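# Reading the structure
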Amino acid sequence: MLGSPSLRLVGKRLLMAVPIVLGVSILTFWVLNLIPGNAAQQLLGPEASPDQIQQLEEEMGLNRPQVVRYLDWLGGAVHGDLGTSLVSRQPVTDELGPRLAVSGEVVGLAFLISLGLAIPVSLLAARWPNRMLDRISMVVSTTGLSVANYVFALLLVLLFAVQLAWFPAIGYTPLSESVTGNLRSLALPAIAIAFPLFCFYTRFLRSDLVDQMQGEDYIMTARAKGIGPWQVLLRHAFRNSAFGLITIVGLNLSTLIGATVIIEQIFALPGIGQMLLQAINTRDFIVVQACVIVFAIITVLANLLADLLYAVLDPRIRYGSN
Amino acid sequence: MSDTLLQVEDLRVRFDQRGRRVYAVNGLSYRLRAGQMLAIVGESGSGKTVSSRALMGLLPPSATVTGSARIDGVELVGMPEPEMRRHRGADIAMIFQDPTRSLNPTMRIGAQITEAIRAHARVEKDAARARAMELLSLVRISDPQRRFYEYPHQLSGGMRQRVMIAIALASDPKLLIADEATTALDVTTQAQIMDLLGELRSRLGTAIILISHDLGLAASYADDVIVMYAGRAVEYAPTRTLFAKMRMPYTRALLDAIPRLERQSHARLPITPGQPPDLTALPPGCAFEPRCARATPQCRTSRPPFAQHEVGHWWACWNPCKDGEPV
Ligand SMILES: Nc1ncnc2c1ncn2[C@@H]1O[C@H](COP(=O)(O)OP(=O)(O)OP(=O)(O)O)[C@@H](O)[C@H]1O
Ligand code: SF4
Ligand SMILES: [Mg+2]
């Protein structure tokens, strides 16, 4: 399926990603140096004498010029070494793995939940437009989109953790420890991320399906064949909507990074978002830099993946319309 | 008569949209014999599409259909949807104006044809595939083996319309409605598709309703012609009779308009000077009266009945044209 045009697209986009990631790293480095305070001051606390601070700064290499420090970091980064945490003195890459796994699990669950609900709800709504379920789904998804996800997260905690005690309010149980415990600890954060996505997908999918069902000639052709309404909806309308949906999901993946930072904070999940916030607080610029780079790479890859899936799956693009 | 395939009587279609009522079809009657080719002509908005979609139950929910339309004696008006579905494709099939938009762009040609085959018969995948190849050959698509696996955008407009015809013929319908099926095509392709339809009719015995605003096209291919205006039939005759003794001033106007139409037409423009009638408030008299050169005071106040005035020749006009007389 992957013809050479697709491969060329991948090559081109990966090449374009290099200056983007590089630019992001420079920008982050520069902005971090504008923030008052550094890791040495932060570690030693307000009681420390200027001499102590200066000594630690020298140990950490913080007294060197910005450009030198950046190039030093870059030299390591191109070899896959993102440096050593200023605070924990551990290689950053060692910590990134497990952190990414936690964030990845939450985001993955959120996608499963949101799509798993949005697709059947949209199909039912489009099957009987303007009827009960359609109206309810429209109201829910419209209001849902105007609620910030951290507000929704707090509501979830209040209801399901505090009131009903079905799920733990905070904390994380590793998968290796207990599968159900793991899922229970991730349920609320995943739902908090999934809900706005569900609203978004439902709105998109429902209106895309209804527009097709009412306006497209090929739907009329399908109906004129005498096939059933569900078959028209699934084989003809949904099939076409699915291509658009894939692109949207791919693009969402990058916007979700912001959501994980907030949600992981609320639920005390040891993901990469939490890692980033902690590092900012301790002025552990090496870790911050690493997190930001990882985010940038995920964003670029997610967008690439969305385009690629679209190109591979949609025959109109696959064969280049003429 | 025994060989009547379709009997349409006093067919009416009304659309209700937010307090506004559009009377799109207002008492249409005609009869179609098995294997006959009937042309329905009329300018844009005269109700050609709506009246034929009413036969297949393919109108939006805002439409109310009354009157009667019987195919082989089976009443189609008011038929419940699940039952209607069994007739769609199997008894009546339809092809549309724009072959670019009427095929699903993300589905292979073959899948779109086999879907139609399997809609009405229990057919194994392989048998359906073989039948699809047969249909592709029937509509004279070369290299069906290859085309079967292609997508619509890989085909030319003419070929797409051939595929649409193959889909329509999948379940051997008794009636094929071709709604402006050649309007979007260039002149050469248009002629090829029309020839194909003519050939299929004589080979398979499929009756065809040819919907067009082009009286010239109707003249070259159809056995009979119905001229529609404001949702009603205004003249109806065998094609030869119609052209020899055109009675309705409106039909004359349509004929005179042919050279001006250019190809590529289907513009939403009135063919004769003046506005097409307002379908929300039809006049009590002849709907064509405001635009008619032959109109008399009577035309404004009372509607001329649609009646058989000469053998096989029906019209609705108070002051019909005499033989050879200019409008
Ligand atoms: N869904 C609808 N709601 C309201 N009015 C409609 C609807 N569909 C069609 N009409 C109206 O019914 C009338 C007849 O339309 P129809 O499509 O049958 O015309 P036509 O003779 O096929 O014209 P054309 O040559 O443009 O295809 C038009 O005035 C049109 O505006
Ligand atoms: S009835 Fe009168 S207005 Fe109508 S077409 Fe005949 S002459 Fe013209
Ligand atoms: Mg039409």
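Residues numbered from 1 in each chain as written. Chains lettered and ligands numbered in written order. Predicted model: local features only at pLDDT ≥ 70, side-chain atom pairs only at ≥ 80, totals over all residues. Heavy atoms only, no water.

Attention shifts here to the interface of chain A and chain B. Every contact between the two is made by 26 residues of chain A and, on the other side, 29 residues of chain B. Between chain A and chain B lies a buried interface of about 2400 Å² when both sides are counted; carbon and sulfur atoms form 54% of it. For the interface between chain A and chain B, the tally reads three salt bridges. The residue Glu-216 of chain A makes a salt bridge to Arg-101 of chain B at a minimum N-O spacing of 3.4 Å. Here chain A and chain B share twelve residue pairs in polar contact (both at pLDDT 80 or more) between them. Among the elements that make up the side of chain A that touches chain B, the one with the highest residue count is helix α10 (residues 229–267) of chain A (seven residues). Class assignment of the residues belonging to the side of chain A that touches chain B gives a composition of eight nonpolar, nine polar and nine charged. (Contact = heavy atoms within 4.5 Å. Buried area = accessible area lost by both parts, 1.4 Å probe. Salt bridge = Lys/Arg side-chain N within 4 Å of Asp/Glu carboxyl O. Polar contact = N/O pair within 3.5 Å; in protein donor to acceptor, adjacent residues only side chain to side chain. Helix = DSSP H or I, 4+ residues; strand = E, 2+ residues; numbered from the N terminus. Nonpolar A, V, L, I, M, F, W, Y, C, P; charged D, E, K, R; others polar.)

Turning our attention to the sheet that holds strand β1 (residues 4–17) of chain B. Residues and elements named next belong to chain B. In space, the four strands of this open sheet follow the order β2-β1-β4-β5, with antiparallel pairing throughout. With one partner strand each, in any of the chains shown, β2 (20–33) and β5 (74–75) form the two edges of the open sheet. Strand direction decides the pairing type here: β1 and strand β4 (residues 63–71), joined by eight bridges, are antiparallel. Residue pairing for β4: Arg-12 is matched across the bridge by Thr-66. Running at roughly 110° to β1, helix α1 (residues 48–56) makes contact with β1, β2 and β4 of the sheet. (Pairing = 2+ DSSP bridges. Axes fitted to C-alpha atoms, helices over the stretch in contact; angles between N-to-C directions.)

This next bit is on empty space enclosed by the protein. Scanning the model with the defined rule gives three cavities of 30 Å³ or more in all. Of the voids in this model, the largest cavity is the one considered here, and its volume is about 100 Å³. Lining the largest cavity are 14 residues, with Ala-224 and Lys-225 of chain A together with Ala-93, Ile-167 and Ala-168 of chain B positioned closest to its centre. For the lining of the largest cavity, the secondary structure elements donating two or more residues are α9 (217–224) of chain A together with β6 (92–95), α4 (109–120) and α7 (157–169) of chain B. A total of three residues in the lining of the largest cavity trace back to one element, the largest contributor, which is α7 of chain B. A volume near 90 Å³ is recorded for the second largest cavity. If you trace the second largest cavity, you find 14 residues lining it, with Pro-249, Cys-286, Cys-292, Cys-299 and Cys-317 of chain B closest to the centre. (1 Å grid on protein atoms, 1.4 Å probe; cavity = no way out; pocket = protein on both sides within 12 Å on 5 of 7 lines; lining within 4 Å. Points joined across faces, edges and corners; volume = space filled by probe spheres on them.)

What follows is about the sheet that holds strand β11 (residues 307–310) of chain B. All names here are of chain B. If you walk across this open sheet you meet the eight strands as β6-β7-β8-β3-β9-β10-β12-β11, and the pairing is mixed. Two strands in the sheet have a free side with no partner beyond their single neighbour: β6 and β11. Within this sheet the neighbouring strands show an average axis-to-axis angle of 25°, counted without direction. Where α7 meets the sheet, its contacts fall on β6 and β7 (175–179), and the angle it forms with β6 comes to roughly 170°.

Next up on the list: helix α6 (residues 132–145) of chain A. Residue and element names in this part refer to chain A. Between its first and last C-alpha atoms α6 spans 20 Å; for 14 residues at 1.5 Å apiece the expected length is 20 Å, and the two agree. By the burial criterion, the buried members of α6 are Asp-134, Ser-137, Ser-141 and Gly-144. Around the axis of α6, the buried residues are gathered within 110° of arc, so they sit on the same side. Those residues of α6 that are exposed and angled more than 90 degrees off the buried face are Met-132, Arg-135 and Val-139. Looking at the buried side of α6, the elements it contacts are α5 (92–127) and α8 (179–215). (Expected span 1.5 Å × (residues − 1). Buried < 20%, exposed > 50% of the residue type's maximum accessible area, 1.4 Å probe, protein only. Arc of directions from axis to C-beta.)

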